[in-house]
Amino acid sequence: MRRRWASLERWSALRRNEDGQELVEFLLVAPLFFLLLLGMVDFGLIFGGYVTMRGGVEAGARMASVDNYGTVAPCSPSDPTSEMVCTVIARIGSLPGMTKQSLQIGISFTSGTIAGDPVADAVAGDNVTVCASAQLHSTTGLTAPFIDGRTASTSSTIRLEQNPQFGSFTSGSVTFGGQTVKGMTCPP
């Protein structure tokens, strides 16, 4: 009988022994915690990049509406349309969470009276649309399967206050600060 009680006491002592429990719990929870943490970092950078791109496009549209384009940096070719595109790129600046080499810019005009019709010679009162898009990329690499290759885009439409000296930019490319940026067609 005594042997039986000793066996039960040992079994009871083993059940109360919780050494290593914290380590096991940590190993179960840590991957989920790091997935959430790194996901928040990636999506925070992407959101910051989108806000930066949106602000740059809006500033570029405002500058386009008053025909204010200037040489902000070496821009090639050096014509009014290319310089307007370079001004928009300079306003956009860096794009955290996005691939800067995939940046595309578009500038198009629509008549103020018949929306959607392209205007050959834009005049004050018409609308100018400035748009941009760039591919997203994962900074941490953990969320790459979910976001790599997707595209973020934004546009801003504003009424022209002056007759513009620049034209539409929907194709071709511009080199600004050593980076080649392609044109794109802005969505209606």
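These figures come from a predicted structure and were not determined experimentally. (Residues numbered from 1 in each chain as written. Predicted model: local features only at pLDDT ≥ 70, side-chain atom pairs only at ≥ 80, totals over all residues. Heavy atoms only, no water.)

## A short note on the overall build of the chain
Spelled out, the test is: Strands here are runs of E lasting at least two residues and helices are runs of H or I lasting at least four, both read from the DSSP assignment and numbered beginning at the N terminus. A simple rule labels every residue: compare its accessible area, found with a 1.4 Å probe on the protein chains alone, to the largest value its type can have, and call it buried under 20%, exposed over 50%, or partly exposed in between. Between two residues, a contact is recorded if the distance between any of their heavy atoms is within 4.5 Å. Residue exposure ignores everything except the shown protein chains as possible cover, and the areas themselves are Shrake-Rupley values with a 1.4 Å probe.
The helix and strand inventory of the chain stands at four helices and six strands. Going from the N terminus to the C terminus, the chain shows its helices and strands as α-α-β-α-β-β-α-β-β-β. Counting the 188 residues in the chain, one finds 36% classified as buried. Considering only residue pairs separated by 6 or more positions, the chain has 69% of its internal contacts joining residues 24 or more positions apart. Surface exposure of the chain reaches about 11,300 Å², of which carbon and sulfur atoms provide 58%.

## Some remarks on the confidence of the model for the chain
Where the model shows low pLDDT, its predicted coordinates should not be examined in detail. We apply this condition: Every residue carries a pLDDT, the predictor's confidence in it, which falls somewhere between 0 and 100.
Summarising the model, the chain shows a mean pLDDT of 84, and 84% of its residues fall at 70 or more. Scored below 50 in pLDDT, residues 114-119 shows nine contacts in the model against residues more than four places distant or in partner chains.

## Points about the nonpolar core
If you look at soluble globular proteins, the nonpolar side chains tend to sit buried side by side. Here is the rule we go by: Side-chain atoms within 4.5 Å link the members of a nonpolar core, which is a set of buried Ala, Val, Leu, Ile, Met, Phe, Trp, Tyr and Cys residues.
One finds Met 53, Ile 92, Leu 103, Ile 105 and Ile 107 to be the most contacted residues of the largest nonpolar core, which totals 33 residues. If you list the elements that add at least two residues to this core, you get α2 (21-65), α3 (80-92), β2 (104-110), β3 (127-135) and β5 (173-176).

## What about the pattern of salt bridges?
Should the charged atoms of two oppositely charged side chains come close, the side chains can pair. Rules: The term salt bridge refers to a pairing of a side-chain nitrogen on Lys or Arg with a carboxyl oxygen on Asp or Glu at a separation within 4 Å.
Taken as a whole, this structure holds two salt bridges when the rule is applied. Residue Glu 58 pairs with Arg 54 through a salt bridge whose shortest N-O separation is 2.9 Å. Remark: Arg 54 and Glu 58 occur in helix α2; sequence separation between them is four residues, near one turn of the helix. For Glu 58, a relative accessible area of 36% gives the class partly exposed. By relative accessible area, Arg 54 is classed as partly exposed at 28%. The partner of Glu 161 in a salt bridge is Arg 62, with the nearest N and O atoms 2.6 Å apart. Here Glu 161 is found in the loop between β4 (151-159) and β5, whereas its partner Arg 62 is found in helix α2, with 99 residues between them in sequence. On the basis of relative accessible area, Glu 161 is assigned to the partly exposed category, the value being 47%.

## Overview of the state of the cysteines
Using the following cut-off: Disulfides are defined as pairs of cysteine sulfur atoms found within 2.5 Å of each other.
Scanning all chains against the criterion turns up two disulfides. Across the disulfide from Cys 131 sits Cys 186; the S-S distance is 2.1 Å. One disulfide, between Cys 131 and Cys 186, carries an S-S torsion of -90° and so falls in the left-handed class. Taken as a pair, Cys 131 in strand β3 and Cys 186 in the segment after β6 (179-183) lie far apart in primary sequence, 55 residues in all.

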